Amino acid sequence: MQAWRVHTNGEPREVMRLEEVPEPEPGPGQLLVRVRAANVNYPDAMLCRGEYQVRPPLPFTPGVELCGEIVGGPRAGERVLGQPVLPCGAFGETAVVAEESARPAPEALDDAEAAALHIGYQTGWFGLHRRAGLRKGETLLVHAAAGGVGSAAVQLGKAAGARVIGVVGGAAKAEVARKLGCDVVVDRRSADVVTAVKDATGGAGADVVYDPVGGDAYAASAKCIAFEGRIVVVGFASGAVPTPGLNHALVKNYSVLGLHWGLYAQREPSAVDRCHEELTRLAAEGAVKPLVSERVPLGGAADAVQRVFDGVTTGRVVVEPG
């Protein structure tokens, strides 16, 4: 079969190679799946660069989530979502997933949309509901609102009855954020984020901030967070890890909450199952639908991973092996 492999760490476009490799063999508690769609995630690039918290042995196939069809066994033919067991990732014609993580793909979504529902939407749901306790009528501020992670948070915030302010970089991304349902869109390239948020909230600030960016985005969040607000730290796509002054949190009575979704998968998989059921329901109702901006063939995976890492894409880019 064909699969992309990384033999040495570096930029995805430079180190990913499309090769003929043996089909992976599932071990105990694992399933072989034919990959129908593989969603491109920021961590895929981090894996290629050797900068992710998980470092599979070289060579490996990147790709951390997929929608696939189970091959063989009692569940043969089932269409499922899953996370491949590295080093045999999703950017190939087949992959191996842990049986316990193979959850039914929502019927309301096609393969590419389903592949994009898992990690980003699970992260958004746990961040907004489990960690921040987002309530109906509150104001949610989402950084990188037109991106893969941000777009999921926008839709989940709207589904929860929140008023959503989306921060983006550029006019094209602003238009995407509006179509996603943002009530207010702030282009950080042409407007001051802090001023815009305060103006939009009558000076009160945002009740919940969803931040996958870090750096300047976090600094702005701390300046426009509401009394007893909650800042959910999801990642550092800017490359800058903020060092917040805790005295500021004390003075303004706000909380800084970390969110690493993978810990729930490890420590409380039943909560992940319940979240999947909720996301499936929301998808069936049309309340959430992953924004798939590009569908690329298997041969375009390396370029797709690079562009997602470079921050030049909107929504989700999905690889379809065909």
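For the structure, see preceding data.
J.: Before we move on, could you go through the layout of surface pockets and cite the residues and values that matter?
T.: Its boundaries defined by the atoms lining it, the second largest pocket holds a volume of some 180 Å³. As for the second largest pocket, its lining consists of 14 residues, of which Arg5, Val21, Pro22, Thr61 and Cys88 are closest to the centre. Of the residues assigned to the lining of the second largest pocket, the class counts are 9 nonpolar, 4 polar and 1 charged.

J.: Could you give an account of the sheet that holds strand β12 (residues 225-233), naming the residues involved and the relevant values?
T.: Pairing in this open sheet of 6 strands is parallel, and the strands run β10-β9-β8-β11-β12-β13 from one edge to the other. The sheet is open, and its two edges are formed by β10 (184-187) and β13 (255-258), each paired on a single side. With strand direction ignored, the average angle separating the axes of adjacent strands in the sheet is 20°. Across 3 bridges, strand β8 (residues 139-143) lies against strand β11 (residues 206-211) in parallel orientation.

J.: Can you explain the nonpolar core? Please cite residues and give values.
T.: Met16, Phe91 and Leu140 are the most contacted members of the largest nonpolar core, which has 81 residues in total. Counting 20 residues, the second-largest nonpolar core is a separate cluster that includes Ile165, Val167, Ala220 and Ala249.

J.: Before we move on, could you go through the pattern of salt bridges and cite the residues and values that matter?
T.: Tallied over the entire structure, the rule returns 23 salt bridges. Measuring nitrogen to oxygen at the nearest pair gives 2.6 Å for the salt bridge that ties arginine 103 to aspartate 273. Taken together, the positions of arginine 103 in strand β7 (residues 103-104) and aspartate 273 in helix α11 (residues 269-285) put the pair 170 residues apart, joining distant regions of the chain. Of the charged contacts in the structure, one is a salt bridge between glutamate 138 and arginine 230, with a shortest N-O distance of 2.8 Å. Within this pair, whereas glutamate 138 is found in the loop between α4 (119-131) and β8, its partner arginine 230 is found in strand β12, the two being separated by 92 residues in sequence. Accessibility classification places glutamate 138 together with arginine 230 in one group, the buried group. What emerges from the salt-bridge pattern is a single network uniting Arg34, Arg36, Glu69, Arg79 and Asp111.

J.: Got a sec to walk through the packing of aromatic side chains? Specific residues and values, please.
T.: A complete count under the given rule lists 3 aromatic pairs for this structure. Geometrically, the ring pair formed by phenylalanine 126 and tyrosine 264 is stacked, given 4.3 Å between the ring centres and 25° between the ring planes. One end of the pair, phenylalanine 126, is in helix α4; the other, tyrosine 264, is in helix α10 (residues 261-267), with 138 residues separating them in the sequence. With respect to class, phenylalanine 126 is no different from tyrosine 264; both count as buried. Among the aromatic residues, ring-to-ring pairing joins Trp125, Phe126 and Tyr264 into one connected group.

J.: Which residues make up helix α5 (residues 148-159), and what are the values?
T.: Between its terminal C-alpha atoms α5 stretches 17 Å, which fits the 16 Å expected from 12 residues at 1.5 Å a residue. Those residues of α5 lying buried are Gly148, Gly150, Ser151, Ala152, Ala153, Val154, Gln155, Leu156 and Gly157. Phi turns positive, to about 85°, at glycine 161, one or two residues after α5.

J.: Give me the lowdown on the environment of valine 149, citing residues and values where you can.
T.: Residue placement: valine 149 occurs in helix α5. Judged by relative accessible area, which is 28%, valine 149 ranks as partly exposed. In sequence terms valine 149 and tyrosine 42 are 107 residues apart; their C-alpha atoms lie 9.3 Å from each other. Excluding its chain neighbours within four sequence positions, the residues that come into contact with valine 149 are Tyr210, Pro212, Val234 and Arg316.

J.: Tell me about the pairing of strand β4 (residues 66-70), and name the residues and values.
T.: Across the 5 residues that make up β4, a large majority, 4, are buried. By the bridge criterion, 5 bridges tie strand β3 (residues 30-39) to β4 in an arrangement that is antiparallel. Of the residues in β4, the one forming a bridge with alanine 37 is cysteine 67. Here 4 bridges tie β4 to strand β5 (residues 79-82), and the two strands are oriented antiparallel to one another. Within β5, the residue paired with leucine 66 across the bridge is glycine 82.

J.: Pulling in residues and values, what's your account of the side chain of glutamate 113?
T.: Position of glutamate 113 among the secondary structure elements: in helix α3 (residues 111-115). In terms of polar contacts, glutamate 113 uses its side chain to reach the side chain of lysine 289, at 3.0 Å. Glutamate 113 has contacts with Ala108, Lys289, Pro290, Val292 and Arg295, leaving out every residue within four places of it along the chain.

J.: So, the side chain of threonine 201: which residues are in play, and what are the values?
T.: The topology assignment puts threonine 201 in the loop between α7 (193-200) and β11. The buried category is assigned to threonine 201, whose relative accessible area is 15%. The residues contacting threonine 201, other than those within four sequence positions of it, are Thr139, Arg163 and Ile165.

What counts and what doesn't
Residues numbered from 1 in each chain as written. Predicted model: local features only at pLDDT ≥ 70, side-chain atom pairs only at ≥ 80, totals over all residues. Heavy atoms only, no water. 1 Å grid on protein atoms, 1.4 Å probe; cavity = no way out; pocket = protein on both sides within 12 Å on 5 of 7 lines; lining within 4 Å. Points joined across faces, edges and corners; volume = space filled by probe spheres on them. Nonpolar A, V, L, I, M, F, W, Y, C, P; charged D, E, K, R; others polar. Pairing = 2+ DSSP bridges. Helix = DSSP H or I, 4+ residues; strand = E, 2+ residues; numbered from the N terminus. Axes fitted to C-alpha atoms, helices over the stretch in contact; angles between N-to-C directions. Core = buried A, V, L, I, M, F, W, Y, C linked by side-chain atoms within 4.5 Å. Buried < 20%, exposed > 50% of the residue type's maximum accessible area, 1.4 Å probe, protein only. Salt bridge = Lys/Arg side-chain N within 4 Å of Asp/Glu carboxyl O. Phe/Tyr/Trp six-rings, centres within 6.5 Å; stacked < 30°, edge-to-face > 60°. Expected span 1.5 Å × (residues − 1). Contact = heavy atoms within 4.5 Å. Polar contact = N/O pair within 3.5 Å; in protein donor to acceptor, adjacent residues only side chain to side chain.

Any functional reading would require information that these geometric values do not contain.
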